[in-house]
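Coordinates in review
One-letter residues, chain by chain:
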Amino acid sequence: EAQVTQNPRYLITVTGKKLTVTCSQNMNHEYMSWYRQDPGLGLRQIYYSMNVEVTDKGDVPEGYKVSRKEKRNFPLILESPSPNQTSLYFCASSLRQLGADTQYFGPGTRLTVL
Amino acid sequence: DQQVKQNSPSLSVQEGRISILNCDYTNSMFDYFLWYKKYPAEGPTFLISISSIKDKNEDGRFTVFLNKSAKHLSLHIVPSQPGDSAVYFCAASARGGGADGLTFGKGTHLIIQP
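This write-up is about the structure you can find in this document. (Residues numbered from 1 in each chain as written. Chains lettered and ligands numbered in written order. Predicted model: local features only at pLDDT ≥ 70, side-chain atom pairs only at ≥ 80, totals over all residues. Heavy atoms only, no water.)

Brief notes about the overall build of chain A
Across its full length, chain A holds zero helices and eleven strands. Helices and strands in chain A line up, N terminus first, as β-β-β-β-β-β-β-β-β-β-β. Compactness check: chain A gives a C-alpha radius of gyration of 13 Å against a globular reference of 13 Å for 114 residues, within 12% of the reference. Its C-alpha atoms put chain A at 35 × 30 × 25 Å along the principal axes. Looking at chain A as a whole, 49% of its 114 residues qualify as buried. (Helix = DSSP H or I, 4+ residues; strand = E, 2+ residues; numbered from the N terminus. Rg over C-alpha atoms; globule rule 2.2 N^0.38 Å. Buried < 20%, exposed > 50% of the residue type's maximum accessible area, 1.4 Å probe, protein only.)

And the structure:
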């Protein structure tokens, strides 16, 4: 089954404790990205990757890092989480960069930073 | 400054009737528009899209209309069914449908009443 998986689905942590949210897709997609969804703000793109070892900033990259060492994985790293990073996070992938209408989203990770 | 606006946070429609969800945008560089549907505890899924060279695109019960002069698009669902109850996000791209740089609206929660 074609899918994007994220782990963990729920996470409660404390300020400053490094964490990683994993994202994996099984569709051999070139393009992957991370979004955050906040009440009253819709989805905002954090980072994206057009292919292995190619990443770029989205609209709200501050406080986040990503890496793309393999095609299927695109982890989101919070080196020193802060309460304003409490949010619902979605990973997404599509066959190519020019493929917004083929974009698959993961089920989401709800992060709370105390 | 919000470039994609969905001014109705929620909309309630009777089953069998037409649902009309609206979206306005301010950036005249947007040339591709998409609607995504999101159920609770799931990621968004692509629903329908339209290029700026068209004014209408239809897919089964779903039709998207684009009025470029008014910078307005709408999603029509006819007839509305209980399974259509979800949050609908309007999104716009200035890169011909590129998955990077998508700008999302805040979403409209559609509730289909039996």
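Things to note about the state of the cysteines
Following the criterion strictly, the structure yields two disulfides over all chains and no others. For Cys23 of chain A, the disulfide goes to Cys91 of chain A, at an S-S distance of 1.8 Å. Its S-S torsion of about -70° marks the bond between Cys23 of chain A and Cys91 of chain A as left-handed, since a negative value means left-handed. With Cys23 of chain A in strand β3 (residues 19–25) and Cys91 of chain A in strand β9 (residues 87–94), the pair connects residues that are 68 residues apart, well separated along the chain. You'll find Cys23 of chain A and Cys91 of chain A in the same group, each marked buried. Note on cysteine connectivity: Cys23 of chain B is disulfide-linked to Cys90 of chain B, with sulfurs 2.1 Å apart. The chirality of the disulfide connecting Cys23 of chain B with Cys90 of chain B is left-handed, given an S-S dihedral of about -75°. Of this pair, Cys23 of chain B sits in strand β3 (residues 19–25) while Cys90 of chain B sits in strand β9 (residues 86–93), placing them 67 residues apart in sequence. Each member of the pair, Cys23 of chain B as well as Cys90 of chain B, carries the same accessibility label: buried. (Disulfide = S-S within 2.5 Å.)

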